[in-house]
Structure formats: structure tokens, C-alpha cells
Amino acid sequence: GEFSRLTAEEVQRRCASPLFGEGIFARRTATLHPGKLALGLRSTLLDRGVRIHECTPAHSIASTGSGVEVITAQGSVRAGSGVLACGVATADWPGLRRETTMTSSHMVITEPVPDILDSLGWRGGEAIIDGRTLVHYFRTTSDERIAFGWGGGMIGRGVRPGRSESMDLGLVSKVAADLQGFFPAIEGRTLEHAWGGPIDASPTHMPAVRPVGSGRWHAAFGYTGNGVGPSRSCGLLLAQRAVDPGSDPGVLAPLIVTDPLRVPPEPLRWLGGSAIMKAIDKVERAGSEGGGAGPLARAAASLPERLGYSIGR
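Residues numbered from 1 in each chain as written. Predicted model: local features only at pLDDT ≥ 70, side-chain atom pairs only at ≥ 80, totals over all residues. Heavy atoms only, no water.

(A) Expanded view of the layout of surface pockets. Of the pockets and cavities examined, the second largest pocket occupies roughly 410 Å³. Lining the second largest pocket are 24 residues, and of these Thr101, Ile155, Gly273, Tyr309 and Ile311 lie nearest its centre. Sorting the residues of the lining of the second largest pocket by element identifies strand S7 (101–110), helix H7 (268–288) and helix H8 (295–307) as the ones contributing at least two each. For the lining of the second largest pocket, the element with the highest residue contribution is H7, accounting for six residues. (1 Å grid on protein atoms, 1.4 Å probe; cavity = no way out; pocket = protein on both sides within 12 Å on 5 of 7 lines; lining within 4 Å. Points joined across faces, edges and corners; volume = space filled by probe spheres on them. Helix = DSSP H or I, 4+ residues; strand = E, 2+ residues; numbered from the N terminus.)

(B) Layout of the sheet that holds strand S10 (residues 146–150). Taken in spatial order, the five strands line up as S8-S9-S10-S7-S11 in an open sheet, and their pairing is antiparallel. Each of the sheet's edge strands pairs with one partner strand only, and the pair in question is strand S8 (128–129) and strand S11 (191–201). Examined bridge by bridge, S7 and S10 share four bridges and lie antiparallel to one another. Looking across to S10, one finds that His106 is bridged to Trp150. Along the sheet, helix H5 (residues 169–182) contacts S7, strand S9 (136–140), S10 and S11; its crossing angle with S10, the most-contacted strand, is approximately 120°. (Pairing = 2+ DSSP bridges. Contact = heavy atoms within 4.5 Å. Axes fitted to C-alpha atoms, helices over the stretch in contact; angles between N-to-C directions.)

(C) Layout of the nonpolar core. Phe20, Trp122, Phe138, Ile146, Phe148, Leu179 and Phe183 are the most contacted members of the largest nonpolar core, which totals 27 residues. A per-element tally of this core places H5 first, with five residues. Setting aside residues no more than four positions away along its own chain, Phe20 makes contact with Val11, Gln12, Cys15, Ile128, Phe138 and Phe182. Ranked by size, the runner-up nonpolar core spans nine residues in total, among them Val68, Trp93, Ala208 and Val212. (Core = buried A, V, L, I, M, F, W, Y, C linked by side-chain atoms within 4.5 Å. Buried < 20%, exposed > 50% of the residue type's maximum accessible area, 1.4 Å probe, protein only.)

(D) Expanded view of the packing of aromatic side chains. According to the stated counting rule, one finds ten aromatic pairs in the structure shown. Between the aromatic rings of Trp122 and Phe138, the centroid separation amounts to 6.1 Å while the plane-to-plane angle is 90°, which identifies the pairing as edge-to-face. In this pair, Trp122 is assigned in the loop between helix H3 (114–120) and S8 and Phe138 in strand S9, connecting sequence segments 16 residues apart. Taken as a pair, Trp122 and Phe138 share a single burial class, namely buried. Joined through ring pairs, the aromatic side chains of Phe20, Trp122, Phe138, Phe148, Phe182 and Phe183 make up one cluster. Sitting above the plane of the Trp150 ring, Arg285 keeps its charged end 5.0 Å from the centroid. (Phe/Tyr/Trp six-rings, centres within 6.5 Å; stacked < 30°, edge-to-face > 60°. Lys NZ or Arg CZ within 6 Å of the ring centre and 35° of its normal.)

(E) Region of the structure containing the side chain of Glu69. By secondary structure assignment, the location of Glu69 is in strand S4 (residues 68–71). In terms of polar contacts, Glu69 uses its side chain to reach the side chain of Arg78, at 2.9 Å. Excluding anything up to four places from it in sequence, Glu69 contacts Ser60, Ile61, Ala62, Thr64, Ser76, Val77, Arg78 and Trp217. (Polar contact = N/O pair within 3.5 Å; in protein donor to acceptor, adjacent residues only side chain to side chain.)

What follows is the structure in C-alpha cells.
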């Protein structure tokens with residue numbers, strides 16, 4: 001089948017981390033370079049005669065009597081319909097602010113470590129995630145490094161990303177410590193790069209496509225760090241909505257949101273979300289260490305599920 005269960009011994013043969021137990025192997029998956037994907041798409045569009053306006057700030061966007069309009073310092077662009085697909089910035093649009101939550105994810109990447117990869121037996125190119133709500137995700141690179149990330153960034157305040165969402169040195173240190181926990185042999189090796197970025201998360205943990213305002217704007221948001229996988233489905237759906245909004249979306253219909261689940265307004269979103277994220281992290285770290293968290297942390301960590309929210313990655 002597409003998914004197969006691996007025993008602990010089978011997992012160790014693929015990557016011998018002391019923290020690994022049993023696992024699931026997904027056969028029909030692949031890794032790719034998202035930057036190269038974006039540049040390849042750009043090149044294809046240019047070859048087809050599409051005009052791309054880059055580095056042009058939009059001062060305002062609006063609906064008009066016959067369509068939509070984007071105002072820039074040099075002029076305006078008008079069209080019959082428009083698409084809002086700009087990550088966390090989409091949440092700044094009136095009407096969407098209570099449908100998204102902003103968090104962050106941070107990564108580190110090691111110097112080339114071929115000897116460690118050999119000792120781990122990690123030579124199959126597997127991209128690995130653990131089973132936590134605040135997931136660790138990691139892979140090897142073509143030049144024999146380990147790229148390791150953690151989706152445990154705290155909830156952002158408001159809808160505009162700040163410095164901590166792009167680079168939080170405290171979180172980077174935590175990610176580096178977690179990397180060594182998974183792979184103790186990494187101690188003493190150099191971490192050559194670290195970075196982070198804001199993530200737009202929907203209350204259902206699913207990407208959402210929906211009309212905005214007059215219905216001539218169509219927004220896509222809530223990728224929750226999984227941008228490459230759903231981008232094709234959401235792209236097809238956005239194109240269909242923009243060109244022929246009355247057509248049948250078929251199997252993509254579940255991505256269209258007409259009755260959105262909303263998050264609390266600020267400052268409750270930030271205060272409550274931050275407390276819940278900390279509680280989830282505490283519960284998961286206690287579990288991985290073979291212990292248990294206190295009742296207050298467990299109660300706070302379970303609150304989203306009891307309210308109908310899904311925040312797992």
C-alpha cells in the first residue's frame with residue numbers, strides 16, 4: 001500500500017536515532033527545493049507571455065463596479081477578479097482577521113556530516129517527521145547536511161509578522177538542542193545556518209479558499225507550513241473561482257469555506273494561544289522523556305480540540 005507500518009527495528013535501519021520507536025513509511029512522497037520550484041513556475045509563466053510585476057508595493061486593493069483594482073505608486077491594475085494568496089499577509093484583509101492565527105517555524109542546518117549520516121544509516125534520502133502536535137521535521141541534503149526544524153513557534157501578536165516570527169534566537173537555540181537530542185553525535189559540529197518564518201494557520205488546520213468582499217476577490221490561506229503539497233490543488237481551485245466561480249469544484253469542494261470557524265479577537269487570541277502552545281509543548285516534552293505533565297498543562301493542551309480547533313501540524 002501507499003503507507004506501511006515499520007517496526008522499531010526497521011525504523012532504526014533507516015535512521016538510527018535513540019528517540020525513534022515504531023513508524024509509518026509513505027511510499028509516494030518526494031522532496032523538492034521550493035525556491036527552485038517557484039523560479040521554475042516563474043520561468044514558465046514568462047515563456048507563456050505572462051507579465052509579472054515584482055517588488056511593486058500595493059498601496060491598496062479594492063472591489064470596483066466591474067471587477068477589482070490594485071493601486072500602486074506608479075499606477076493601477078484592473079481585472080475582472082483577483083486572488084489574495086500572500087501567506088500571513090492575507091490575514092490583514094478585513095473580514096479574514098479572525099479566520100487565521102499567525103505562528104512561526106524555525107530551522108537549523110549543519111555543516112556537511114557524511115560520517116554521521118553513515119553511522120545513522122540515513123542514506124535513503126528520507127524526509128522525517130515525528131508524531132507530535134508541534135512537529136519536528138528533518139531531512140538530509142545533497143551535500144550531506146542535516147536540515148532540522150521545529151514547528152513550535154509561539155503565537156504571533158496581531159496579524160503582521162514581527163521580528164520574532166522571522167528570527168527568534170531563543171527558538172533557534174531550542175531547535176539546536178532538539179537536533180542534538182535526536183542525533184547526539186552532532187555535538188561539537190557547526191550549525192552553519194538558521195532561519196525562521198511566519199506561518200498562517202487556520203482553525204481547522206486545513207487550507208481555506210473563499211470569496212472575500214464582493215466575491216470578486218478570492219483568498220487562499222491557512223497552509224500551516226505545508227505550502228508545496230496543497231499549492232497545486234488550491235491553485236487549480238483559485239483559477240476556477242476567478243474565471244468561472246459558478247462552476248463545479250468537484251473533489252476540491254471541501255477546500256471552499258463558506259461558514260468559517262473563527263478564532264477569538266485580540267488580545268485573547270495571542271494570550272490564549274500562547275498559553276495553549278506552551279502547555280502542548282510541556283505535555284509533549286514530558287511524554288518524550290517518559291514522564292507526564294501536570295493536570296493544568298494537560299487541560300490547557302486539550303482545550304483546542306474541545307473547542308473544535310485543530311492546531312496539529
